[in-house]
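Here is how the chains run, residue by residue.
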Amino acid sequence: MSEAVIGTATTSPGLLASLDPLLREWLPRQRWFAGKGRPVTGFTLVAATELLPADRRLGLYHLLVQAHQPAAPWDCYQLLIGVREALPPHLAPALIGHVEEGPLAGRTVYEALHDPRAAEVLLEALRSQARIGGLRFERDPGQDIRPGLVPRVMTAEQSNTSVVYGDTFILKLLRRVVPGVNPDLELPLALAREGCPRVPAPTAWLNAELDGESYVLGVLQPFVQGATDGWELALRELAKGEDFSAEARALGRATAEVHTALAHALPSVTLGAAQLRLLVDGMVERLDAAVQAVPALTPYAPGLRSAFSALADLAAEGRTWTAQRIHGDLHLGQCLRSPAGQWSLIDFEGEPSKPLAERRMPQPPARDVAGMLRSFDYAAFSADPPAPGWAHACRAAYCSGYAEVSGSDPRTDPVLLRAYETDKAIYEVVYEARHRPDWLPVPMAAIERYATSDLF
Ligand SMILES: Nc1ncnc2c1ncn2[C@@H]1O[C@H](COP(=O)(O)OP(=O)(O)O)[C@@H](O)[C@H]1O
Ligand SMILES: O=P(O)(O)O[C@H]1O[C@H](CO)[C@@H](O[C@H]2O[C@H](CO)[C@@H](O)[C@H](O)[C@H]2O)[C@H](O)[C@H]1O
């Protein structure tokens, strides 16, 4: 049974103060917490909304809080806090802690998205287009949401938190939120308007309007039932010694369909010498920072730099490029294959660590292409023994598929592609050194090749 949403904006004095010691300990342990490695020294409440009053058996608060850390700007996080007298055993992993003081003293608080009864409240609010405090639950009037779909939180480690409702919808709640237009809603809505079938069309979304600023907090989309992501599928085929080039070609076609629709839906710009200078400077700066962070890159830096100077040289000769809105963080894990063999692209958020304005800038489509090419290389070089021939076939098939739809083969612009692939491989070295040191040899193997040779 759905809980009725009767929420209100709350100014409950002392609410955050009473949660503060528990959140300081709990927040840094979450996968989606962006400020890893530094302690949380305090919180400021941005907004609190009571979705279910805490005097019921189940209380539910929606919070936006700024988390403060030493020597860093604050980040704003979206939290859903459940309140109960005691947690039933199935919710034990969601425990945040027991409140000692303040309005919730003596109660147990927990990560409410793990609680189906709390997750139902969100779907019901989206279905009924509720407005509660600063929260705006909105729905595409052309799409219905059936009541009573059973929720389950996805437990995979992700940058955000997603809840699947009855294998019909998936609600992604963004964790680190910033004011402004979020490409994770903006681009799928634009693609839906274009009738592009390669991206699940948003059914409903959650915004907050606070002090004249708008925040995108979540997006509900149709759930692709029985889907396998491209990374999983690629590894499976690789392990069986199977060729993956037919799927790679289909992925190239899907990427080009999305790019074509985005170019139609949103403005494109021409990048001339001045813009290219900025783009190349950014690549060089990232390389320099990466060498500081991962000294193993040092011997390869001159070779890697030549990929960027070659691009700068082309720009200086007067070459221009078209830039448009793109996915911005494309890799095999962002591609879903339905059991019927149709590919969808997901997660248009871009690189979450970058500012929103930068993520929304038009960029050459080659950047997405390079991300996918790196992904084939990743799969092949994470295999034992590495399978460079497999990667080569996938990369070629992907570019051919892309050319079939867009009319333009990315391999005809090898300088741009090499610069973007090099930039991505450098990013990956830093990412793996920080998050998964065991994986570092995978992008390092690419760095060795990119520093000394051409890609195709
Ligand atoms: N429309 C969908 N249908 C089926 N599964 C999906 C869909 N959207 C996302 N997923 C699954 O949810 C996971 C997380 O989604 P994603 O948008 O990548 O979130 P995050 O930003 O947290 O990484 C994906 O890896 C995929 O397995
Ligand atoms: O979590 P995100 O999707 O934002 O991406 C980050 O994590 C990815 C790993 O999960 C990382 O991707 C790298 O590893 C993938 C295999 O696990 C591979 O398919 C990608 O090509 C490779 O870049 C990504 O770089 C990072 O931003």
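Residues numbered from 1 in each chain as written. Chains lettered and ligands numbered in written order. Predicted model: local features only at pLDDT ≥ 70, side-chain atom pairs only at ≥ 80, totals over all residues. Heavy atoms only, no water.

1. Examining the nonpolar core
Convention followed: The criterion is simple. A nonpolar core is a set of buried Ala, Val, Leu, Ile, Met, Phe, Trp, Tyr and Cys residues joined through side-chain atoms within 4.5 Å. Each residue's exposure class comes from its accessible area (1.4 Å probe, protein chains only) as a fraction of the maximum for that residue type: buried when under 20%, exposed when over 50%, partly exposed otherwise. Only runs of H or I of at least four residues qualify as helices and only runs of E of at least two qualify as strands under DSSP, and these elements are numbered from the N terminus. Boundary definitions for the domains trace back to an automatic or database domain assignment. For this analysis, residues touch if any pair of their heavy atoms sits within 4.5 Å.
In this structure, Leu 297, Phe 376, Trp 390 and Tyr 398 are the most contacted members of the largest nonpolar core, which totals 76 residues. The element best represented in this core is helix H9 (residues 366-382), accounting for ten residues. Structurally, this core is a two-domain feature, drawing no fewer than three residues from each of domain 2 (116-220) and domain 3 (226-450). Those residues in contact with Phe 376 that lie beyond four places of it in its chain are Phe 244, Ala 248, Leu 251, Leu 332, Trp 390, Ala 391, Cys 394, Arg 395 and Tyr 398.

2. Describing the domain arrangement of the chain
What counts, and what does not: Values labelled buried area give the accessible surface lost by two parts on being combined, using a 1.4 Å probe and summing over both. When a carboxyl oxygen of Asp or Glu is within 4 Å of a side-chain nitrogen of Lys or Arg, the pair counts as a salt bridge. Each residue is assigned to one class: nonpolar for Ala, Val, Leu, Ile, Met, Phe, Trp, Tyr, Cys and Pro, charged for Asp, Glu, Lys and Arg, and polar for all the others, Gly among them.
The domain architecture assigned to the chain consists of domain 1 (38-111), domain 2 (116-220) and domain 3 (226-450). Across the boundary between the two partners, domain 1 contributes 18 residues, which contact 15 residues of domain 2. Between domain 1 and domain 2, a total of about 1500 Å² is buried, with carbon and sulfur atoms accounting for 66% of that surface. When the buried area of domain 1 at its contact with domain 2 is split by residue, Leu 51, Cys 76 and Gln 78 rank highest and sum to 31% of it. Put simply, domain 1 and domain 2 have two salt bridges between them. The salt bridge partner of Asp 75 is Arg 176, with a shortest N-O separation of 3.2 Å. Taken together, the elements giving at least two residues each to the side of domain 1 that touches domain 2 come down to strand S2 (42-52), strand S3 (59-69) and strand S4 (72-84). Of the residues assigned to the side of domain 1 that touches domain 2, the class counts are eleven nonpolar, three polar and four charged.

3. Let's talk about the UniProt feature "domain: Maltokinase N-terminal cap" (unreviewed entry) in the chain
For the record, the criterion: UniProt positions are given in the numbering used here, feature names are shortened, and annotations may be inferred rather than shown by experiment.
As annotated by UniProt and renumbered to match this structure, "domain: Maltokinase N-terminal cap" (unreviewed entry) occupies residues 26-115. The distance separating the terminal C-alpha atoms of residues 26-115 is 17 Å; by composition the span is 1% helix and 48% strand.

4. Quick look at the environment of Phe 43
Its location among the elements puts Phe 43 in strand S2. Judged by relative accessible area, Phe 43 falls into the buried class, the value being 11%. Through-space distance from the C-alpha of Phe 43 to that of Ala 67 is 4.8 Å; in sequence the pair is 24 residues apart. Sequence-distant contacts of Phe 43, defined by excluding residues within four places in its chain, comprise Leu 16, Asp 20, Leu 23, Arg 24, Leu 27, Val 65, Gln 66, Ala 67 and His 68.

5. Comments concerning the site of ligand 2
Basically, it comes down to this: Only a single heavy atom is needed: when it lies within 4 Å of a molecule or strand, its residue is near that molecule or strand. Shrake-Rupley sampling with a 1.4 Å probe provides the accessible areas, and residues are treated as covered by the protein chains on show and by no other component.
Lining the immediate environment of ligand 2, one finds 13 residues, of which His 331, Ser 375, Tyr 427, Glu 428 and Tyr 431 sit closest. In the complex, 88% of the free accessible area of ligand 2, which totals 540 Å², lies under the protein chains. At the level of secondary structure, the elements contributing two or more residues to the shell around ligand 2 comprise H9 and helix H11 (414-435). Residues that form the shell around ligand 2 fall into these classes: four nonpolar, four polar and five charged.

6. What to know about the packing of aromatic side chains
Two aromatic rings, taken as a pair, are described by how far apart their centres are and by the angle between their planes. Just so we agree on the cut-off: When the centres of two rings from Phe, Tyr and Trp lie within 6.5 Å, Trp using its six-membered ring, the rings pair. Their planes under 30 degrees apart give stacked, over 60 give edge-to-face, and anything left gives tilted. Cation placement over rings: the criterion is NZ of Lys or CZ of Arg within 6 Å of the ring centroid and within 35° of the ring normal.
Scanning the model with the defined rule gives nine aromatic pairs in all. Between Phe 244 and Trp 390, the ring centres sit 5.8 Å apart and the planes meet at 20°, which makes this aromatic pair stacked. Here Phe 244, found in the loop between helix H4 (230-239) and helix H5 (245-265), pairs with Trp 390, found in helix H10 (residues 388-406); they are 146 residues apart in sequence, far enough to count as distant. A residue is classified by how much of its surface remains accessible, and Trp 390, at 10% relative accessible area, is buried. A connected cluster of aromatic rings, assembled from ring pairs, spans Trp 26, Trp 32, Phe 33 and Tyr 77. The ring of Trp 439 is capped by Arg 436, whose NZ or CZ atom sits 3.9 Å from the centre of that ring. A cation over a ring is seen here: Arg 449 above Phe 381, with NZ or CZ 4.1 Å from the ring centre.

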